[in-house]
Amino acid sequence: MSKEGNKKFAIGALIGAVAGVITGLLTAPKSGKETRKDIKDTAGKVFAEAEKQLKTLHTELGELIKKGSSQLETQKGKAKEELDKAITSAKHAQIKAKEVISAIRSGETVHPELEKAIKDVSKAKDHLKKYLKS
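Each helix and strand in the protein was counted, giving 4 helices and 0 strands. In sequence order, the protein lays out its α and β elements as α-α-α-α. Evaluated residue by residue, the protein yields a buried proportion of 24% over its 134 residues. Summarising the internal contacts of the protein: among those between residues at least 6 apart in sequence, 79% fall at separations of at least 24. Taken as a whole, the protein presents about 9800 Å² of accessible surface, with 60% of it coming from carbon and sulfur.

What follows deals with the pattern of salt bridges. Opposite charge on two side chains allows them to pair when their charged atoms are near. All chains considered together, the criterion is met by 5 salt bridges. The partner of K85 in a salt bridge is E81, and the shortest N-O contact between them spans 3.9 Å. One end of the pair is K85 and the other is E81, both in helix α3 (residues 77-105) and 4 residues apart, which spans about a single turn.

This part covers the nonpolar core. Ranked by internal contacts, the top residues of the largest apolar core, which has 24 residues, are L54, L61, L83, L114, V121 and L128. Looking at this core, the elements that each hand over two or more residues are α2 (32-72), α3 and α4 (111-133). For this core, the element with the highest residue contribution is α3, accounting for 9 residues. Not counting the four nearest positions on each side in its chain, L61 is found in contact with A90, A93, Q94, V121, A124, K125 and L128.

Here we come to the side chain of E51. Within the fold, E51 resides in helix α2. The contacts of E51, once residues within four sequence positions are left out, are I104 and L114.

Scored by pLDDT, the protein has a mean of 79; 79% of the residues are at 70 or more. Per-element mean pLDDT across the protein ranges from 66 in helix α1 (residues 3-27) up to 88 in α3.

This part is about the side chain of H58. Here H58 shows up in helix α2. In this structure, H58 is in contact with Q94, A97, K98, I101 and V121, ignoring residues within four places of it in sequence.

Helix length check: α3, at 29 residues, gives a terminal C-alpha distance of 42 Å against a target of 42 Å (1.5 Å per residue), a fit within 8%. Of all the residues in α3, the buried ones are L83, A86, I87, A90, A93, Q94, A97, V100, I101, A103 and I104. Positioned one or two residues after α3, G107 has a phi angle of 75°, which is positive.

Conventions used here
- Residues numbered from 1 in each chain as written.
- Predicted model: local features only at pLDDT ≥ 70, side-chain atom pairs only at ≥ 80, totals over all residues.
- Heavy atoms only, no water.
- Helix = DSSP H or I, 4+ residues; strand = E, 2+ residues; numbered from the N terminus.
- Buried < 20%, exposed > 50% of the residue type's maximum accessible area, 1.4 Å probe, protein only.
- Contact = heavy atoms within 4.5 Å.
- Areas by Shrake-Rupley, 256 points an atom, 1.4 Å probe, with all protein chains shown as cover.
- Salt bridge = Lys/Arg side-chain N within 4 Å of Asp/Glu carboxyl O.
- Core = buried A, V, L, I, M, F, W, Y, C linked by side-chain atoms within 4.5 Å.
- pLDDT = per-residue confidence, 0-100.
- Expected span 1.5 Å × (residues − 1).

Next up, the structure:
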């Protein structure tokens, strides 16, 4: 390509880039401020839904702990020992869930802590259910 060809190519690329930016700005459905607000609102909704899920799991786990504790007296040997371990683990997960729920209310928690608490409570709930079915 000659110098003239390079110059025309550079001008064409510049015009194309400017046209692309202008088109993007003119066709964007919302401003940056509005988009950031939407992202923040959506994140807040997701966080609130996760908090609701954790509260539900906390309650369900509490019911399973009661049920397991009442069945513990009828169990013997290894079955009793396994059920007791599952109940103890479930109680620890329930305490952690309660701490995370309190931290949410005071604004002192972050999303990863909430996710971990949901996973731990779900796992403890499923584990305890396994022993209650046996």
